[in-house]
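# Residue-level structural notes
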Amino acid sequence: MLCIIQARMGSKRLPNKMLIRIDNQPILQHVINRVNKIKYVKKICVATTKLKIDDELAKYCKENNTEVFRGSNINVFDRFQKLCIDNKFSKVLRINGDSPLMDNNLFNKIIKISNNYIYDLFTNIHPRSFPRGQSLEIINSEIIKKFNQNLMTRSEKEHVTRYFYKNNKKYKIINYKAKTDCSSINLSIDTHEDLKKIKKLFKHFKKDIYNISYNEMSKFISR
């Protein structure tokens, strides 16, 4: 399975956030570390833009032996499609670079379950029941490779899977639902306030940060 981590430095709410350090490592590196613990992933690639602002991000990836692909800053789907075409994997895992607290055990569990099904898209966000920052989308690569981008609006090109959700009658989409609805919890980093909360969480759990479950993290954030 190929894992594509979508990342960029041009966030308006939290500029340069991918390389902001938490516990002595950039946010992006925490994401990479967690993806490396997903046993089904055989290759990781960071997908970013060709904009000058992302030069530093691309440089960091190259210096740390992480493959990076640079493409359109507007058409995110195009980046995704080109990577799927260039890599011979039947499934692709899409991850957001602002999620440094992914529950590795949860992801391994969901991917293992997905292997029992035939699908175009296997997800846990349609509808969402897990916290933000625990989002997972496993996509049949053939659907992406063969897709005609002319069918998409500009907005759909910016969000990769939005077209498929809007046209779900055409595609086989399976949603994995949490036992308890935690959709109101945010474990991703989008704003300065999010960053403060996540830093507190890292400080509280310290060395156990890579082993705690999303439920434990959610309880801490709720308090």
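Check the entry above for the structure.
Predicted model only: the values in this text are computed from it and were never measured.

## Thoughts on the nonpolar core
Core analysis: the largest hydrophobic core is formed by 55 residues, its most contacted members being I5, L28, L93 and L201. Setting aside anything within four residues of it in sequence, one finds L93 in contact with M1, L2, C3, I4, I38, V41, I111, L136, E137 and I138.

## Some words on the packing of aromatic side chains
If you walk through the whole model with that rule in mind, you get 11 aromatic pairs. Geometrically, the ring pair formed by F130 and Y176 is stacked, given 6.0 Å between the ring centres and 15 degrees between the ring planes. One end of the pair, F130, is in the loop between β7 (121-123) and β8 (137-140); the other, Y176, is in the loop between β9 (173-175) and α8 (192-205), and 46 residues separate them in sequence. Per residue, the accessibility class of F130 equals that of Y176, and both read buried. Judged by centre distance (6.4 Å) and plane angle (70 degrees), the rings of Y163 and Y171 are edge-to-face. Across this residue pair, the class does not change: Y163 and Y171 are buried. Three or more aromatic residues joined by ring pairs form one cluster here, namely F77, F147, Y163, F164 and Y171. For K91, the ring lying beneath its charged end belongs to Y119, and the centroid distance is 5.3 Å.

## Some words on the pattern of salt bridges
A side chain with one charge may pair with a side chain of the opposite charge, provided their charged atoms come close. Enumeration according to the criterion identifies 13 salt bridges in this entry. Of the charged contacts, one joins D190 and K17 as a salt bridge, the two residues approaching to 3.8 Å between their closest N and O atoms. On the criterion of sequence distance, the pair formed by D190 in the loop between β9 and α8 and K17 in the loop between β1 (2-6) and β2 (21-22) is long-range, its members being 173 residues apart. By sharing partners, the salt bridges in this structure join R13, K17, D98 and D190 into a single network.

## Notes on the environment of K17
With relative accessibility at 8%, the residue K17 sits in the buried group. It is 8.3 Å that separates the C-alpha atoms of K17 and I189, two residues lying 172 residues apart in sequence. In this structure, K17 is in contact with S11, I27, D98, I189 and D190, ignoring residues within four places of it in sequence.

Cut-offs applied
- Residues numbered from 1 in each chain as written.
- Predicted model: local features only at pLDDT ≥ 70, side-chain atom pairs only at ≥ 80, totals over all residues.
- Heavy atoms only, no water.
- Core = buried A, V, L, I, M, F, W, Y, C linked by side-chain atoms within 4.5 Å.
- Buried < 20%, exposed > 50% of the residue type's maximum accessible area, 1.4 Å probe, protein only.
- Contact = heavy atoms within 4.5 Å.
- Phe/Tyr/Trp six-rings, centres within 6.5 Å; stacked < 30°, edge-to-face > 60°.
- Helix = DSSP H or I, 4+ residues; strand = E, 2+ residues; numbered from the N terminus.
- Lys NZ or Arg CZ within 6 Å of the ring centre and 35° of its normal.
- Salt bridge = Lys/Arg side-chain N within 4 Å of Asp/Glu carboxyl O.

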